[in-house]
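Chain by chain, the residues:
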Amino acid sequence: MVNSILFILFGGLGIGCALAVVAQRNPLYSAISLIGVFISLSSLYLTLAAPFIAAVQVIVYAGAIMVLVVFVIMLLNVEAEERRRARMAFLIPVAVLLAAIFIGEVAFILKAVNFDVPLVTSDVGTTKSIGIGLFTTYLLPFEITSILLLMALVGAMTLARRAVILTSVSRLMSGPYVPPEEIEEPLVERTEERSL
Amino acid sequence: MSWDSLLNHPLMHPVWLIIGITIAFLSIMLLVAATVLAERRVLGFIQGRLGPNRVGYFGVLQPFADFIKTMMKEDLVPDQSTKFVFLLAPTVAVITAIMAIIVYPFGPTVNIPLLGPVPLRIARFDVALLYVLGVTSVGVYGIALAGWSSNNKYSLMGGLRSSAQLISYELALGLALIGVVLMSGTLDIYEIVQQQSGFFGLHWNIIYQPIGFIVYLIAAIAETNRVPFDLPEAETELVAGFHTEYSSIKFLLFFNAEYVNMITVSMLATSLFLGGWNGPGVATFPILGVFYFAAKILFFLFLYIWLRGTLPRFRFDQLMNFGWKFLMPLALINIFLTATIQAYWPDLMSLFR
Amino acid sequence: MMEGPQLSWYLVLSAILFTIGVVGVIIKRNVIAMFMCIELMLNAVNLTFVAFSSFFRDVTGQLFVFIVMTVAAAEAAVGLGIIIAIFRNRESLNVDEASILKL
C-alpha cells in the first residue's frame, strides 16, 4: 500500500519533470528538470530494493554528467529558443498525439500480460551481490567498460584542445585542396592552453 | 495496550524518525552558531587579539546577534529573468549540506529508563557511504547555479572555479574512503564504527590507513572551500566569488551551508577513521559515547580554524595541479596497497587481539 | 493495489518516459536539449532493467544498468566535446542551421 503511494508520487514527479525537460525553452531549466527526473528515478530504484544502483544513479548522472552539461550551458552562454516558425508549428501537436497513441498501445499490451510476480525483499540489490556478479561472471564487460572510459577521456581532451595539428588539417579540409608548401602561416604554432 | 507495545507499534516509526531528525537538526544548528563564534575568537587568539566578547558572557550571543543583523539587511535580487535559479541555488546548497547528517551514529545503544534501548542514530542503510558521496556531488549545483544566476562575470568566474575545485577533490575524497571500505567490508557507517570498538582504541582505522586519512583530510578541506583552498571565495580575489550578489537570508543560507559542510565532513572523518563514539569506558556507560563523538568533531573543527589562521592560500592552478596530479594518484596507491595487503593478510587486525 | 506496484506499472512508466524523450528529440532544436532528451531515453531503459531485475530476482539487470551508466558518462563527455567544437566554428547551437555539411 505504501509502496503504491510512493510509486505514484515519484512516478508522477518523474513524468512532470520529463515534460518540463521537453517543454522548457531555456536549456538551463531543462537541465534542472532533468536532474529532478534523475532524483525521482533514484527514489523509484529504492522502492525496487536496488539501493546501490540508486546511489550510483545520483552520483554518476545527477552529480557528474549533469554538472558537465550545466558547465557547458553556462560557459557557452546558451540562450532560450525562440518560438517556432509558423510554418512547422503543426509538428508539436502531431508529435504529442502520436506519443499518446503509442503509450496507449504499450499500456494495453502490458496490461493484457499478467506477470503476477510479487515484489519480495531480497538481497539481489545489495552491493555485495553486484560486486560478486561484476567481478566474476561479468568481468569482461567490466574491463571493456574501463577501456571505453579511457577512450572517452582521450577523446574529450583531444576535442577540447586547440592543438596545432588539428587546426592545420581542418584548414586543409574545409576548402579546396592546398598543398602543404602553399600554406602561408607557419605550420607549427604555440598551443594555447585553455584556462578558466 | 501496554507501554511497550505502544512504543514498538509500526506506526510510531515515523514519529521516532521525526523526533530524531529534530534533535539532530537543532544540535547541528547550535553547533554551527558555536563554530561561528569559536572561529572568530580562536582566530583572534592566533592573531594576538581577543575576538568578540561583548555580546554575552565571552561573546556567546554573538552569532545570534549576527543572525539578527544579517536578516535585517535589504534583500537584493538581480533584475534578470533568472530569478528562479537565483533563489534555487542557496536552497540546494543548504539542503544537501544538512541531508548528509542522517547516517551517522551519534552514540551506541543507550538504555533510557522509560523508553528501553534507544539506538542513537537516525537511519541505517547499507549504502550509507555512497549516499554521503552522492549528496556531496549534488551540492556542487548550489555553487555553480549561484555563480551563473548572479549575472555578474566575477561571480560566474568564481562559481565555475569553485565548482571545478569541488569536482576535482570529490574524486580524491571518494577514493580515500575506499581503503576504509576495503578493510571493513561494508559501506554501512554504523557497521564501520562498530568494528572499531574495543582493544583500547587499537582498532581505529587511522592506524591502518594513515595515507587514506591524510588524503581524506586534505580533500575535505578543499571540498568545504576553506583555507588554504578558498581562493574562489576570498575577499581579496573576485570580490566574494559566487556569493557576491547574495545578501540577507540567502547569504545566511550559504554561510550556514559552509559550516554544516564542515561539520558533516568532520563527522565522516571521526566515524570512519577515529572510531566514532568509541573511547575509554563506553562499554559500561554508553552515554559517554555521545561526548566522545562530540569531542572528536570539536577537535576537527578546531583543526579547520587553526589551519585558517596559519596557512596562506593556494593559487588556482596550484590547487588544481595538487588535486589531480598529487592527491588522486596518492589515493589510488593507497587503494592498491590496501587491496594487496587485504588479499594476502586479511586478519591484520588480529595482530592486536 | 493491495500488494504494491506491479511489474507492468514500472514498464508503463518507463514507456512514458521513453516516449517523452523521443518527442523531445524530435521537437527540440537546441543541440544540448536534444542530448538531454537522449539521456532521458537511456534512463527509461535503465528503469526497465532494474524493474525486471528486482521482480525476477536476478542481478544481471542491475549489472547492465551499471554498464549503461558508464557508457552514458563516456558518451556525455565526448558528445559535449563535439558540441563545443561545433559551437566554436558556427557560434550557434541550432541544429536547423547545421543540417548541411558546409562549415
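Structure: above.
This text gives an overview of the structure that appears in the document. (Residues numbered from 1 in each chain as written. Chains lettered and ligands numbered in written order. Predicted model: local features only at pLDDT ≥ 70, side-chain atom pairs only at ≥ 80, totals over all residues.)

### Some words on the overall build of chain B
Okay, step 1: Along its length, chain B carries 13 helices and 2 strands.
Okay, step 2: Taking 20 Å as the expected radius of gyration for a compact globule of 353 residues, we find that chain B reaches 21 Å, a close match to that expectation.
Okay, step 3: Judged by the C-alpha coordinates and their principal axes, chain B covers about 60 × 55 × 45 Å.
Okay, step 4: Looking at the 353 residues of chain B, the share that counts as buried comes to 42%.
Okay, step 5: Expressed as a percentage of contacts within chain B between residues at least 6 apart in sequence, the contacts between residues at least 24 apart total 76%. (Helix = DSSP H or I, 4+ residues; strand = E, 2+ residues; numbered from the N terminus. Rg over C-alpha atoms; globule rule 2.2 N^0.38 Å. Buried ≥ 20, exposed ≤ 12 C-beta atoms within 10 Å, placed from the backbone. Contact = placed C-beta atoms within 7 Å.)

### Points about the overall build of chain A
Okay, step 1: In terms of helices and strands, chain A carries 7 helices and 0 strands.
Okay, step 2: Ordered by position from the N terminus, the helices and strands of chain A form the series α-α-α-α-α-α-α.
Okay, step 3: A buried classification covers 29% of the 196 residues belonging to chain A.
Okay, step 4: Residue pairs at least 24 apart in sequence account for 58% of intrachain contacts in chain A once pairs closer than 6 positions are excluded.

### What to know about the nonpolar core
Okay, step 1: Core analysis: the largest hydrophobic core is formed by 167 residues, its most contacted members being B:A219 and C:I32.
Okay, step 2: With 18 residues, the top contributor of residues to this core is helix α3 (residues 51-76) of chain A.
Okay, step 3: Dropping the residues within four chain positions of it, C:I32 is found in contact with A:P27, A:V69, A:V72, A:I73, A:V78, C:I83 and C:L93. (Core = buried A, V, L, I, M, F, W, Y, C linked by C-beta atoms within 7 Å.)

### Here we look at the interface of chain A and chain C
Interfaces are often sized by the amount of accessible area the parts lose when they come together.
Okay, step 1: In this assembly, 68 residues from chain A lie in contact with 61 residues from chain C.
Okay, step 2: Elements that contribute at least two residues to the side of chain A that touches chain C include exactly α1 (2-23), α2 (27-47), α3, α4 (91-112), α5 (127-137) and α6 (139-160) of chain A.
Okay, step 3: Residues belonging to the side of chain A that touches chain C are distributed by class as follows: 54 nonpolar, 12 polar and 2 charged. (Nonpolar A, V, L, I, M, F, W, Y, C, P; charged D, E, K, R; others polar.)

### Thoughts on the environment of A:V21
Okay, step 1: Here A:V21 lies in helix α1.
Okay, step 2: Expressed as a C-alpha distance, the spacing of A:V21 and A:L150, which sit 129 residues apart in the sequence, is 30 Å.
Okay, step 3: In contact with A:V21, other than residues within four places in its own chain, are A:S30, A:S33, A:L34, A:V37, C:G24, C:M36, C:C37 and C:L40.

### A few points about the interface of chain B and chain A
Okay, step 1: At the junction of the two partners, chain B supplies 19 residues and chain A supplies 15 residues.
Okay, step 2: Among the elements of the structure, α5 (128-138), α6 (140-149) and α7 (153-184) of chain B are those that each provide at least two residues to the side of chain B that touches chain A.
Okay, step 3: With 6 residues, α5(B) is the single largest residue contributor to the side of chain B that touches chain A.
Okay, step 4: A per-class count over the side of chain B that touches chain A returns 15 nonpolar, 2 polar and 2 charged.

### Some points on the packing of α6(B) against α7(B)
Each pair of packed helices can be summarised by the angle the axes make with each other and by the distance between the axes.
Residues and elements named next belong to chain B.
Okay, step 1: Two elements in contact, α6 and α7, have axes separated by 7 Å at closest approach and are oriented at 165°. One finds that α6 runs roughly antiparallel with respect to α7. Viewed along their axes, α6 and α7 form a crossing whose handedness is left-handed. The residues of α7 that touch α6, namely those facing V140, I143, A144, A146, G147 and W148, are S155, L156, G158, G159, L160, S162, S163, L166 and I167.
Okay, step 2: Of the residues that constitute the contact of α6 with α7, the class distribution is 9 nonpolar, 6 polar and no charged. (Axes fitted to C-alpha atoms, helices over the stretch in contact; angles between N-to-C directions. Parallel < 35°, antiparallel > 145°, perpendicular 65-115°, else oblique. Left-handed = near helix turned anticlockwise from the far one by under 90°.)

### A few points about α6(B)
Okay, step 1: Extensive coverage of α6(B) is indicated by the burial of 10 of its 10 residues.
Okay, step 2: Buried within α6(B) we find B:V140, B:Y141, B:G142, B:I143, B:A144, B:L145, B:A146, B:G147, B:W148 and B:S149.
Okay, step 3: On its buried side, α6(B) packs onto α3 of chain A together with α4 (83-99), α5, α7 and α11 (248-272) of chain B.
Okay, step 4: Positive backbone phi, approximately 60°, marks B:N151, located one or two places after α6(B).

### Some details on unusual backbone geometry
Residue and element names in this part refer to chain B.
Okay, step 1: Backbone torsion omega between V227 and P228 reads 5°, so that peptide bond is classified as cis.
Okay, step 2: Mapped onto the fold, P228 is located in the loop between α10 (210-223) and α11.
Okay, step 3: One non-glycine residue, F58, lies in positive phi territory at about 55°.
Okay, step 4: In this fold, F58 is placed in the loop between α2 (13-46) and α3 (62-71).
Okay, step 5: Non-glycine residue N225 carries a positive phi angle of around 60°.
Okay, step 6: Its location among the elements puts N225 in the loop between α10 and α11.

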